[in-house]
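Chain and residue survey
The residues making up each chain are set out below.
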Amino acid sequence: MIYLDNAATTKVSDAAANKAFEIMTKTFGNPSSVHDFGYESEKVLKSARKAILSHLGSIRRDDELVFTSGGTEANNLAVFGALAAKKHGGKTVFFSDSEHASVYNISKKLEKDGYNVKYIATKGGKIDFDYCEKEFSKDTVLISCMYANNETGTIYDIKKLDTLRKKLCPQAVLHTDAVQAFGKTKENLCSCGADLISVSGHKIHAPKGIGALYIKSGVRILPILIGGGQEKDIRPGTEALPSIAAFEVAANEVFNLKNILKVEKLNSYLTEKLEAQLPQIKINKPENSLPYVVSLSLPAIKSEVMLRFLSAKGIYISAGSACTSKHRENRVLSAFGLDSKSADCTIRVSFCEDNTFEEIDTFLKELENGINSLISLK
Ligand code: PLP
């Protein structure tokens, strides 16, 4: 098998899986229990919180983070939680037009709930700052723009967005969905200035169903679930300690510059070979992007057709976001600037540090075979 769909999810690392097993079978106490065994679990929780915060680049490393069931919940908690805390604030909220479904569908719900929802264009991977400059106002209560895009790998300029926010609407909360960026960029995520940052474990070799929301100190969030007082009264429910501990282990492994450098090499290897061998393929490469994601528009072959061809050879890639693949629409690729025909023919290759140059060679060979045989079928 050649797995090049790491933006959809990753294999759990051995060390992370072992850690989860160890916690499930040995340190299985409830971190809220008031006895020594519960205290042992609380130590595990504290250690994970500190580690994730330090990888995010937070200076205060004890609080500022709540664990969630993943990136989707972190995004929901960020937006709904921040708006609930600012009930008497403005009614205008901004989202980029490239958001993942777990933010985009929130924006649609807010429209129905009576918010004045506005979308910031991100054509070619660039935030339309002129629009922001014109539209940000005293009524702006929240701005949400992802850090890195799951379909194109684009990295957006959140720092500049924060500068504008501070100048034009300092009362507004700034959220960034950094699910695809966490562990995959050399930048310190906290330094982008966002108040709220969503991350997820399964994109970095932790189990599925674990994530976290960074909440800058002083920023108020109300819970969106009703229950006990866990996670500083912000996210009730007994903490998923095995997954949380595994998240720490996976993050400690992934946060290593060597990994990014390796993936940069894989990315250059693939794109240089594509340019030389298959110039009919268009590489959708924005100016600033993650090396982990490569978006390719094929010459008049629908992405699903190519996906099935490659899958039959044991090569796994995707057409875009796995979360929307069952009812595919090209919202994000259109926002990037692709016409609908190109968007229909666009595939996503996504790496992790375990991929090899040999795997890329095989992928390229089969991609070429696919193009030749599928075009001749037309
Ligand atoms: N945000 C982005 C950018 C994503 O790529 C994903 C997952 O694909 C999510 C959020 C959702 O994360 P999770 O699968 O942990 O709910």
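Use the structure listed above.
Residues numbered from 1 in each chain as written. Predicted model: local features only at pLDDT ≥ 70, side-chain atom pairs only at ≥ 80, totals over all residues. Heavy atoms only, no water.

**Digging into the sheet that holds strand β9 (residues 282-283)**
Basically, it comes down to this: What makes two strands pair is DSSP finding at least two bridges between them. Helix and strand assignments follow DSSP, with helices taken as H or I runs no shorter than four residues and strands as E runs no shorter than two, numbered in order from the N terminus.
Strand order in the open sheet formed by three strands is β9-β10-β12, and the pairing between neighbours is antiparallel. Of all strands in the sheet, those with a lone pairing partner are β9 and β12 (346-350), marking the two edges. For strand β10 (residues 293-297) and β12, the ladder comprises five bridges, and the chain directions are antiparallel. Residue pairing across strands places leucine 296 opposite isoleucine 347, the latter belonging to β12.

**Points about helix α2 (residues 36-56)**
To keep things clear, this is the line we draw: In this analysis, the expected span of each helix is defined as 1.5 Å times one less than the number of residues it contains. Throughout this description, buried means an accessible area under 20% of the type-specific maximum (1.4 Å probe, protein chains only), exposed means over 50%, and partly exposed covers the range between. Only heavy atoms matter for contacts: two residues are in contact if any of them lie within 4.5 Å across the pair.
The end-to-end C-alpha distance of α2 is 30 Å, a good match for the 30 Å that 21 residues give at a rise of 1.5 Å each. When we look at burial in α2, the residues that qualify are Gly38, Ser41, Val44, Leu45, Ala48, Arg49, Ala51, Ile52, Leu53, His55 and Leu56. Residues of α2 that are buried sit in contact with α1 (14-25), β2 (65-68), β7 (196-200), β8 (211-215), α7 (230-233) and α8 (241-254). Phi for glycine 57, located one or two positions after α2, is positive at around 90 degrees.

**Considering the nonpolar core**
The nonpolar side chains of soluble globular proteins are, as a tendency, buried together. To keep things clear, this is the line we draw: In these notes, a set of buried Ala, Val, Leu, Ile, Met, Phe, Trp, Tyr and Cys residues joined through side-chain atoms within 4.5 Å is what counts as a nonpolar core.
Counting 54 residues, the largest nonpolar core has Leu56, Phe67, Leu161 and Phe247 as its most contacted members. The set of elements that each furnish at least two residues to this core consists of α1, α2, β2, α5 (129-135), α6 (158-168), β7, β8 and α8. Tallying contributions element by element places α8 first for this core, with nine residues. The contacts of leucine 56, once residues within four sequence positions are left out, are Leu65, Phe182, Asn188, Leu189, Cys190, Ile197, Val199 and Tyr214. Ranked by size, the runner-up nonpolar core spans 31 residues in total, among them Leu274, Ile317, Ile347 and Phe351.

**Some words on the environment of proline 286**
Along the chain, proline 286 turns up in the loop between β9 and β10. Residues proline 286 and tyrosine 156, 130 residues apart in the sequence, show an inter-C-alpha distance of 10.0 Å. In this structure proline 286 touches Gly124, Thr152, Thr154 and Phe336, once residues within four positions along its chain are discounted.

**Notes on the packing of aromatic side chains**
Aromatic ring pairs are reported here in terms of the distance separating the ring centres and the angle at which the planes meet. Put simply, the test is: Aromatic rings from Phe, Tyr and Trp, with only the six-membered ring used for Trp, were paired whenever their centres fell within 6.5 Å, and each pair was classed as stacked if the ring planes differed by under 30 degrees, edge-to-face if by over 60, and tilted otherwise.
By the definition in use, this model includes seven aromatic pairs. Ring geometry for tyrosine 104 against tyrosine 119: centres 6.4 Å apart, planes inclined by 45 degrees, an arrangement best described as tilted. Linking tyrosine 104 in helix α4 (residues 101-112) with tyrosine 119 in strand β4 (residues 116-120), this pair joins segments that are 15 residues apart in sequence. Overall, the relative accessible area of 25% leaves tyrosine 119 in the partly exposed class. Judged by centre distance (5.0 Å) and plane angle (75 degrees), the ring pair of tyrosine 269 and phenylalanine 357 falls under edge-to-face. With tyrosine 269 in helix α9 (residues 257-277) and phenylalanine 357 in helix α13 (residues 357-376), the pair connects residues that are 88 residues apart, well separated along the chain.

**Examining the pattern of salt bridges**
Note the threshold: A side-chain nitrogen of Lys or Arg and a carboxyl oxygen of Asp or Glu constitute a salt bridge if their distance falls within 4 Å.
By the definition in use, this model includes 16 salt bridges. Lysine 19 is paired through a salt bridge with glutamate 22; the nearest N and O atoms lie 3.5 Å apart. A residue pair is termed a helical-turn pair when its members lie 3 or 4 positions apart in one helix, as lysine 19 and glutamate 22 do in helix α1 at three residues. Classification of lysine 19 as partly exposed rests on a relative accessible area of 25%. Exposure remark for glutamate 22: the relative accessible area of 31% places this residue in the partly exposed category. A salt bridge links arginine 235 to glutamate 73; the nearest nitrogen and oxygen atoms lie 2.7 Å apart. Placement of the pair is arginine 235 in the loop between α7 and α8 and glutamate 73 in helix α3 (residues 71-85), with a sequence separation of 162 residues.

**Focus on the pairing of β8**
Counting buried positions along β8 gives five out of five residues, so the element sits mostly inside the fold. Of the two faces of β8, the one carrying Gly211, Leu213 and Ile215 and the one carrying Ala212 and Tyr214 are both buried. Direction of pairing for β2 relative to β8: antiparallel, over a ladder of four bridges. Bridging across to β8, threonine 68 finds its partner in glycine 211. Where β7 lies against β8, five bridges are found, and the strand directions are antiparallel. Looking at β8, one finds that valine 199 is bridged to alanine 212.

**Let's talk about the sheet that holds β4**
The cut-off we apply is this: In this description, a line fitted to the C-alpha atoms serves as the axis of each element, helices being fitted only across the stretch in contact, and the angle between N-to-C directions of two axes falls anywhere from 0 to 180 degrees.
Spatially, seven strands are ordered β2-β8-β7-β6-β5-β3-β4 in an open sheet, and the strand pairing comes out mixed. What marks the edges here is a single partner per strand, and that holds for β2 and β4. Between one strand and the next, the sheet's axes are offset by a mean angle of 20 degrees, whatever the strand orientation. Contacting β2, β3 (92-96), β5 (140-144), β6 (173-177), β7 and β8, α3 crosses the sheet at an angle of about 160 degrees to β7. Sitting on the sheet, α4 is in contact with β3, β4, β5 and β6, with an inclination near 145 degrees to β4.

**Considering the site of the ligand**
Short version of the rule: Nearness is defined per residue: one heavy atom within 4 Å of the molecule or strand is enough. By the criterion applied in these results, polar contacts are pairs of N or O atoms within 3.5 Å in which, for protein atoms, one can donate a hydrogen and the other can accept it, and in which residues neighboring in sequence qualify only through two side-chain atoms. Methods summary: accessible areas were calculated by the Shrake-Rupley approach with a probe of 1.4 Å, and residue burial reflects only the protein chains presented. Each residue is assigned to one class: nonpolar for Ala, Val, Leu, Ile, Met, Phe, Trp, Tyr, Cys and Pro, charged for Asp, Glu, Lys and Arg, and polar for all the others, Gly among them.
Inspection of the region around the ligand gives 15 residues, with Gly71, Thr72, Asp177, Ser200 and Lys203 positioned closest. With respect to the ligand, the backbone of glycine 71 contributes an N or O atom lying 2.8 Å from an oxygen atom. A distance of 3.4 Å separates an oxygen atom of the ligand from a polar side-chain atom of histidine 100. Protein chains bury 91% of the 390 Å² of accessible surface belonging to the ligand in isolation. The leading source of residues in the shell around the ligand is α3, at three residues. Broken down by class, the residue content of the shell around the ligand amounts to three nonpolar, ten polar and two charged.

In short, the description is geometric, and any link to function would need to be established separately.
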